[in-house]
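The residues making up each chain are set out below.
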Amino acid sequence: GAVVSQHPSRVICKSGTSVKIECRSLDFQATTMFWYRQFPKKSLMLMATSNEGSKATYEQGVEKDKFLINHASLTLSTLTVTSAHPEDSSFYICSARATGLNSPLHFGNGTRLTVT
Amino acid sequence: DAKTTQPNSMESNEEEPVHLPCNHSTISGTDYIHWYRQLPSQGPEYVIHGLTSNVNNRMASLAIAEDRKSSTLILHRATLRDAAVYYCILRDENSGNTPLVFGKGTRLSVIA
């Protein structure tokens, strides 16, 4: 079945540094990928929609200059958390839909970011 | 997207069936009912979806009320690995390639 791979699964960084998270669709092409964030014991919150070859669309309240999204190919989207702060510590999850607009969404296994 | 209501938590004994309810009284005619689950420290995974008729797959069954205002996800024989948060989500078939909007879901605990 369709697989979405996310890397790294876990990262610890210092305040002020930047962290890049990769999301790959392994056996299908994804013109659109979605990035979510999840705080402990909370549900997933949509951050942005990543569009191949064009700018990402950000949800209200998500700073586009802080969470840089690049979707340079049909199988790869990256999320870079710039100048990370401890409050950015969270579980980041990407997803994509394989084929057909009513197909299920496939999710990566998430990236646990800890900013010290 | 129309709203869904689920119990915050449920508990089941291992190897017994589990019925996870979902209310969606404002569902529209073109809304599909999707179920996803999220195991601890993992991304969500697709479970099942349907429109009007009951659906079965290797993971679960989906029973949809005749008026479509509620549905029930049925795990026929719960295992410890089924402990997860289960999300019931409505999605309009005409919504294009849009993301899913997650509610709070039901946290299922399975007791050995």
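Here's what I pulled together on the structure shown here. (Residues numbered from 1 in each chain as written. Chains lettered and ligands numbered in written order. Predicted model: local features only at pLDDT ≥ 70, side-chain atom pairs only at ≥ 80, totals over all residues. Heavy atoms only, no water.)

Let's talk about the pattern of salt bridges
Residue and element names in this part refer to chain B.
And step 1. This model, assessed by the stated rule, comprises six salt bridges over all chains.
And step 2. Asp82 is the partner of Arg37 in a salt bridge, and the nearest nitrogen-oxygen pair spans 2.8 Å. Placement of Arg37 in strand β3 (residues 31-38) and of Asp82 in the loop between β7 (70-75) and β8 (84-92) is noted, with a sequence separation of 45 residues between them. Here the two residues Arg37 and Asp82 agree in accessibility, since each one is buried.
And step 3. Here the salt bridges share partners, and the residues they tie into one network are Arg37, Glu45 and Asp82. (Salt bridge = Lys/Arg side-chain N within 4 Å of Asp/Glu carboxyl O. Helix = DSSP H or I, 4+ residues; strand = E, 2+ residues; numbered from the N terminus. Buried < 20%, exposed > 50% of the residue type's maximum accessible area, 1.4 Å probe, protein only.)

Structural notes on the state of the cysteines
Disulfide: a covalent bond formed between the sulfur atoms of two cysteine residues.
And step 1. A full pass over the atoms with the stated rule returns two disulfides over all chains.
And step 2. Disulfide pairing places A:Cys23 opposite A:Cys94 at an S-S distance of 2.0 Å. Every disulfide takes its handedness from the sign of the S-S torsion; for A:Cys23 and A:Cys94 that torsion is 85°, giving right-handed. Taken together, the residues span a long stretch of sequence, with A:Cys23 in strand β3 (residues 19-25) and A:Cys94 in strand β9 (residues 90-97) at a distance of 71 residues.
And step 3. Exposure remark for A:Cys23: the relative accessible area of 0% places this residue in the buried category.
And step 4. Of the residues examined, A:Cys94 reaches a relative accessible area of 0% and is grouped as buried.
And step 5. A disulfide bridge connects B:Cys22 with B:Cys88, and the sulfur atoms are separated by 2.1 Å. Here B:Cys22 and B:Cys88 share a disulfide; its torsion about the S-S bond, -80°, makes the bridge left-handed. (Disulfide = S-S within 2.5 Å.)

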